[in-house]
Amino acid sequence: MADIKIDGKLFQERITHFINAWKADKRAGDGGVFGGVSSILIMMGKVEEIPEFQKNNAMHFWLLGYEFPATLMLLTTDTIYVATTAKKAKHLEHLKGGRVPVEVLVRGKDAAANEKQFVKIAETINSAGKKIGVLTKDRSNGPFVDEWKKVYSDKCKDIEEVDISAALSTAAFSVKDETELRAMRAASKACVALMTPFFLDQMSDVLDQEKKVKHSALADKVDQKLDDEKWWKTVELPNKQKLPSDFDPASLDWYLGPAVQSGGKYDLKLQAEPTADNLHPGVIIAGMGLRYKSYCSSIARTYLVDPNKTQESTYKVLYAVHNLVLKEIRDGVIAKDVYNKALSHIKSRKPELEKHFLKNVGAGIGIESKDPTLVLGPKNSRTLKDGMTLCITTGFTDIENPTPKDKLSKTYSLVLTDTIRVTNSDPVVFTGDAPTDLDATSFFFKDDEEMQPTPKKEKKDSRVGAVATKNITDSRLRSERTTQVDEDQEKRRREHQKELALKKQKEGLARFAESIGGQDGAEIKKFKKFESYKRDNQMPLKVKNLEILVDQKNHTLVLPVMGRPVPFHIHTIKNASKNDEGEWSYLRINFLSPGQGVGRKDDQPFEDASAQFVRSLTFRSRDGDRYEEIAAQISGMKKEATKKEQEKKDMEDVVEQDKLIEIRNRRPPVMDNVFIRPAMEGKRVPGKVEIHQNGIRYQSPLNTQQRVDVLFSNIRHLFFQPCAHELVVIIHLHLKDPIIIGNKKKTKDVQFYREATDIQFDETGNRKRKYRHGDEDEFEQEQEDRRHRAELDRQFKSFADKIADAGKNEGVEVDMPLRELGFSGVPFRSNVTIQPTTECLIQVTEPPFMVITIEDIEIAHLERVQFGLKNFDLVFVFKDFTRPPAHINTIPVESLEDVKEWLDSSDIPYTEGPLNLNWPTIMKTVTADTHQFFVDGGWSFLQNETDDEDNGEEEEESNFEIDESELEEASESSEDDSDFDSNASEEASEEADDDEDEDGEDWDELEKKAKRKDRESGLDEEDRGRNKKRRH
């Protein structure tokens, strides 16, 4: 016991807490949980060969961290008495002198002295009161215990014994502190690691390869992993995380199992030794319980191999009951109510399963593997409290299988066990990383032909042959199909759009009635005064030298003018330049003045534009290098001032958020292993998102200061986008006011995502490979990928719902994109899929993001809508006319009708035209005098353009379109052309055949003939070459 170190501070904290609870209960009267006892006796006998953790052991571990055999503890409300041997007593010496006095009675070899110590303890019991708290089920034995019982029966005849088990559970064991919870979390993660992936991989391998492995052999493999320290350091949990760096495998020990059961023989208490029967591919139950630093955690899962429909249905009921129990558990709930709700759910869903349901749904867990005073059964009236830890077990025993595969499948049992922590809301499931849903626990090893039902034969058209009937359409060409318009639908849309346009015009007139130009439009620029120095003595001392001075600190240039230093603020200076002429260098400084600019600065306001202005000042000197330096300093100061002005302008709409109120008394809902966009500074690593009282926090693992807080009051839209057809699964927050991420990034969109394609390994290798070749491995990979994506969607959707639930007071709701209504387009740089939601039109798959709220839209305009073009553009004008219109370019014309239908169904007035409009000019006109704009007809000029275009098309229809007779003539002429071409080719081929039929001449004769013809024609070779070039 040389290495024993008892935490004295923790001992005093816990014993003080216990005694305070005892005193409070005593003041309440005899009806309390302590039963009015005046002293409590905790007795430990000799060490058992098979140790059992009871309340007496638990009290030692809770107070001291160790178990002290042959030790007696007497607790009173004033003092703690401990009688033990000298070797153990020396470890208790430093506990003396604390808030609660501790008196250690050291026992030796002198029997008389030892008896006197027991007599002293008996006298203390008598003097404390007539009731003593004991553990009635205590089975301690040994010479030490026998000696005490002899003294106790002699000296304490009149003392009444009261069972103190419930009091110890309530005041000491059930509600855990952070140290205890940390140990339980570590034990739970170890359980998860052994269950998933290790046991699951071993079981899958046995089933895949049809090995014959005994239950006991499989359990031994799991047992041996407990001592494999290297494995514990490298094992990866189902959520892709590893065990904590401070995890100590040496502190792990079994308290239950490991248990493996199959083939119709099941014990849901998991206490029976694994049998020598072979693993049977049917219903397989695996469970285990681990103790880490004295604290327990338990897990059990049921795996279904080739289940039938009845088994799947029963498992779904169990899964629903298990989740119902977890949902019902929270602070203030009575234990029996949880069980009764689970039972009533079974009665309503499948009454025949009631007799197979377990007699309770779990119990308290901690130092004790099962707290008998905290059983979640039909009669326990104990109230659950925040901080309690429970082992939740739901199951059905000995269910008859209506369609057994073999004699070992006639009956089966199902069970699910999780270790959880009670909170004020949903419990924290410590073992929740090991999945329990049917998809994750079902395995199918039958051949595909056996599993798939025979498909119904479709009635075929006799004309179709091998082509599927559904692929035949009325129109022959794609262009014909995509441009076909439902005339009734178009007519209905036009009528609705006229109503919307009229309504928008009335709203505009009412909204901007008698407004003054500029007030409802663009921001009116104001004259700004810049002050370099308030007093003369603030100017630099060097100004006395009457030389050009650049004052970087005050953003000022001091120039000597007529014998005086004159300061000019950098914002009054346009630029500075240096020129050389002979031996002289000239420095020219240009100032801002009215009518000088040509671009954006032309409208720079001045206090009195008709006043006299200095346009420039020129200085000369023989020191050209100094002028070069001054010009560079002025340019640098001008750039810095412009940059600061721009940053200040960018930050104008950034609102400082209130502080995030963190959840302190319990662990907040967390989603780990997620990335954030915009990305944080530094290395790209996944962090975690936490939900707190008034907002959410993203915490980077690199630095505690690297975090992003978003308050619920600042969330305008919350989107969940599943990973179907995408590479990532997304939770996206669109904010009301922008926030700063990191040091400089201003954003109105914050996104949390996880990549869905991170499975790059092959877990297949089943028995089908023995006799079949093909893509079974790819098929299995695809199935695994689908399962992985479904699990990601479930996690993110659940977390998004939790965010919405926590922020419901601020009106936060989850919205999802409707992919079937989506269309492709280019809102910024790249072509992306844009999808409507209930309230918005969004693109959140890749940055830069686009979120357009429907209620912010004034009107939509479709540009480049004309015959022959493959794409069109969409422009949204917002109700806030100072906001630039949003453009979505290059939308395929095939989506035109869908876009129109969506706009119309969303009550967004839209117009269309054949050309791109100059929107900056249009918006400048609108904002100059908005009232007059609506008086003049408002947005009707866009509609008029559309109507004119329609009329023009109708008038020019005869010139543009081809009638049927012309089409026939054209087809005939094309046929004639093709006949001519084919005849020509036929004639040419016939001539060639004729030539081939003639008797051929030899090469010498042909060469002689060619030379003779050349001489006769008088053409030399160069002329022939030129002629050939001309012909080419």
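As a reminder, the structure under discussion sits directly above these lines.
Since the structure is predicted, the reported quantities are computational estimates derived from the model, not experimental observations.

1. As for helix α19 (residues 919-928)
Taken residue by residue, α19 has Trp919, Ile922, Met923, Val926 and Thr927 as its buried positions. Seen from one end, α19 has its buried residues packed into an arc of 125 degrees, which puts them on one side. Projecting away from the buried face of α19 at angles above 90 degrees are the exposed residues Pro920 and Lys924.

2. A few points about the sheet that holds strand β16 (residues 549-551)
Strand order across the open sheet formed by 3 strands is β16-β17-β18, with antiparallel pairing between neighbours. Both outer strands of the open sheet, β16 and β18 (564-569), are each paired with one neighbouring strand and no more. On average, adjacent strands in this sheet sit at an angle of 30 degrees to one another, irrespective of strand direction.

3. Side note on the side chain of histidine 60
You can see histidine 60 is positioned in helix α2 (residues 55-64). Residues in contact with histidine 60, not counting those within four places in the same chain, are Ile42, Met44, Gly65, Tyr66, Glu67, Phe68, Thr71 and Met73.

4. A look at the pattern of salt bridges
Applying the stated criterion across every chain yields a total of 43 salt bridges. With a closest N to O distance of 2.6 Å, glutamate 791 and arginine 794 form a salt bridge. Here glutamate 791 pairs with arginine 794, and both are found in helix α17 (residues 776-806), just 3 residues apart, close to one helical turn. Looking at glutamate 791, the relative accessible area reads 22%, which means it is partly exposed. Of the residues examined, arginine 794 reaches a relative accessible area of 42% and is grouped as partly exposed. Within this structure, Glu490, Arg492, Arg493, Arg494, Glu897, Glu901 and Asp904 form a network of salt bridges that share partners.

5. Quick word on helix α5 (residues 143-155)
Here α5 is 13 residues long and its end C-alpha atoms lie 19 Å apart, about the 18 Å a rise of 1.5 Å per residue gives. If you check which residues of α5 are buried, you get Phe144, Val145, Trp148, Val151 and Tyr152. The buried residues of α5 occupy an angular sector of 130 degrees when the element is viewed end-on, so they sit on one face. The exposed residues of α5 that point more than 90 degrees off its buried face are Pro143 and Lys150.

6. Concerning the sheet that holds strand β4 (residues 102-107)
Pairing is mixed across the open sheet formed by 6 strands, whose spatial order is β4-β3-β2-β1-β5-β6. With partners counted over all chains shown, the strands left at the sheet margins are β4 and β6 (160-163), one partner each. Strand-to-strand twist across the sheet, computed as the mean angle between neighbouring axes with direction ignored, equals 25 degrees. Where strand β1 (residues 39-44) and strand β5 (residues 131-134) come together, 2 bridges link them in parallel fashion. Following the sheet pairing, isoleucine 40 is matched in β5 by glycine 133. Here α2 sits on the sheet in contact with β1 and β2 (71-76), set at roughly 100 degrees to β1.

7. Overview of empty space enclosed by the protein
Taken as a whole and judged by the stated rule, the model has 2 cavities of 30 Å³ or more. Of the volumes computed, that of the largest cavity is approximately 70 Å³. Contributing to the lining of the largest cavity are Phe173, Ser174, Lys176, Gly364, Ile365, Gly366, Ile367, Glu368, Asp371, Leu374 and Thr389. Here the lining of the largest cavity is composed, by residue class, of 4 nonpolar, 4 polar and 3 charged. What the second largest cavity holds in volume is close to 40 Å³. Taken together, Phe11, Leu64, Met73, Ile80, Val82, Leu92, Leu95 and Val102 form the lining of the second largest cavity. In terms of residue class, the lining of the second largest cavity is made up of 8 nonpolar, no polar and no charged.

The rules we used
- Residues numbered from 1 in each chain as written.
- Predicted model: local features only at pLDDT ≥ 70, side-chain atom pairs only at ≥ 80, totals over all residues.
- Heavy atoms only, no water.
- Buried < 20%, exposed > 50% of the residue type's maximum accessible area, 1.4 Å probe, protein only.
- Helix = DSSP H or I, 4+ residues; strand = E, 2+ residues; numbered from the N terminus.
- Arc of directions from axis to C-beta.
- Pairing = 2+ DSSP bridges.
- Axes fitted to C-alpha atoms, helices over the stretch in contact; angles between N-to-C directions.
- Contact = heavy atoms within 4.5 Å.
- Salt bridge = Lys/Arg side-chain N within 4 Å of Asp/Glu carboxyl O.
- Expected span 1.5 Å × (residues − 1).
- 1 Å grid on protein atoms, 1.4 Å probe; cavity = no way out; pocket = protein on both sides within 12 Å on 5 of 7 lines; lining within 4 Å.
- Points joined across faces, edges and corners; volume = space filled by probe spheres on them.
- Nonpolar A, V, L, I, M, F, W, Y, C, P; charged D, E, K, R; others polar.

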